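Overview (structure and organization)
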Amino acid sequence: MVAGNWKMNTDLQKGLALAEGILQGIKQEMDCEVVLAPPFTHLTELKKKLEGSAIKLGAQNCHCEHSGAYTGEVSAEMLQSAGVEYVITGHSERRQLFHETNEIIRQKVNAILHAGLKVIFCCGETLDVRQSETHNILVRMQMEESLFHLEPEQFKSICIAYEPIWAIGTGVNASPEQAQEMHSYIRDQIAIRYSKFIAEETNILYGGSIKPDNAKSLFVQEDVDGGLVGGASLDAKGFLDIIHAACG
Ligand code: PGA
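A brief look at the structure comes next. (Residues numbered from 1 in each chain as written. Predicted model: local features only at pLDDT ≥ 70, side-chain atom pairs only at ≥ 80, totals over all residues. Heavy atoms only, no water.)

Comments concerning the pattern of salt bridges
Within this structure, the stated rule accounts for 14 salt bridges. Close ionic contact of arginine 140 with glutamate 144 constitutes a salt bridge, the shortest N to O distance being 3.6 Å. Linking arginine 140 with glutamate 144, this pair stays in helix 7 (residues 135-146), spanning 4 residues, or about one helical turn. For arginine 140, a relative accessible area of 29% gives the class partly exposed. The class for glutamate 144 is partly exposed, based on a relative accessible area of 41%. Taking the shortest distance from any N to any O, the salt bridge between arginine 187 and aspartate 223 comes out at 2.6 Å. With arginine 187 in helix 9 (residues 176-193) and aspartate 223 in the loop between helix 11 (212-219) and strand 8 (227-229), this residue pair connects regions lying 36 residues apart in the sequence. (Salt bridge = Lys/Arg side-chain N within 4 Å of Asp/Glu carboxyl O. Helix = DSSP H or I, 4+ residues; strand = E, 2+ residues; numbered from the N terminus. Buried < 20%, exposed > 50% of the residue type's maximum accessible area, 1.4 Å probe, protein only.)

In structure tokens, the structure reads:
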């Protein structure tokens, strides 16, 4: 699975042109899922554009309540009604810049599932945590406090994105070995909490400075099931190269 997180980039016209470029290079039959997560303002137009293609629509955030007096917010139900299938939550930029805690993310996960959507759950450590060698503990806590209350049946709608914060938008990606080590740890934690079967079925994506020239070396790792791509998803050709690295 390869998901493009456009963040707060592209206006509507540029976003539609980017999607068009991706559509032109994508095969109808692919053995992996491709998701585009544009800004909210692009969702309905993009939905029309992607109709009949293999590409799915994602959103970058939602509020945890269904509706009400929350000026400026968008609920998971609203996203569902606009044709969204996946919602990213727990992204480090939301954690750091918008002070989202594990508890808030837990509520968002619940809201996303309640709306019948799938979750792309981001987790990952800062450089300090990595240097103090407590990254496994931190990632486990992020999962325990925001995900592990779910029933096994619900967990089938969860996809994990391990995104070491020191690798996001920095041009420094985790080495394939570092990614593999953490992904394998995450899968073990899912197996302990749920089952080996559910752990094997869960997509665990890597995110953080994925580029066309490093994608393959990350994706060939046993426990890396794809990528959540930021900057490199804003260029159709580069993003297609990453998709082809994942989907063969
Ligand atoms: P990046 O972002 O690929 O630009 O590092 C990844 C992300 O934040 O999801």
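Considering the site of the ligand
Around the ligand lies a shell formed by Asn5, Lys7, His91, Glu163, Ala167, Ile168, Gly169, Gly208, Ser209, Leu228, Gly230 and Gly231. Histidine 91 places a side-chain nitrogen or oxygen 2.7 Å from an oxygen atom of the ligand. Burial of the ligand by the surrounding chains reaches 97%, relative to a free accessible area of 280 Å². Partitioning the shell around the ligand into residue classes produces 3 nonpolar, 7 polar and 2 charged. (Near = heavy atom within 4 Å. Polar contact = N/O pair within 3.5 Å; in protein donor to acceptor, adjacent residues only side chain to side chain. Areas by Shrake-Rupley, 256 points an atom, 1.4 Å probe, with all protein chains shown as cover. Nonpolar A, V, L, I, M, F, W, Y, C, P; charged D, E, K, R; others polar.)

Considering the state of the cysteines
Scanning all chains against the criterion turns up 1 disulfide. The thiol of cysteine 62 is not disulfide-bonded; the next cysteine sulfur, from cysteine 64, is found 7.8 Å away. Among the cysteines around cysteine 159, which has no disulfide bond, cysteine 122 carries the closest sulfur, lying 8.7 Å off. Given the relative accessible area of 4%, cysteine 159 is considered buried. (Disulfide = S-S within 2.5 Å.)

Brief notes about the pairing of strand 5 (residues 118-123)
Of all 6 residues that make up strand 5, 5 are buried, and the element is covered over most of its length. For strand 4 (residues 86-89) and strand 5, the ladder comprises 4 bridges, and the chain directions are parallel. Bridge pairing in strand 5 links threonine 89 to phenylalanine 121. Of the pairings in the sheet, the one linking strand 5 to strand 6 (residues 158-162) comprises 5 bridges and is parallel in character. Note that in strand 6 the partner of cysteine 122 across the bridge is alanine 161. (Pairing = 2+ DSSP bridges.)

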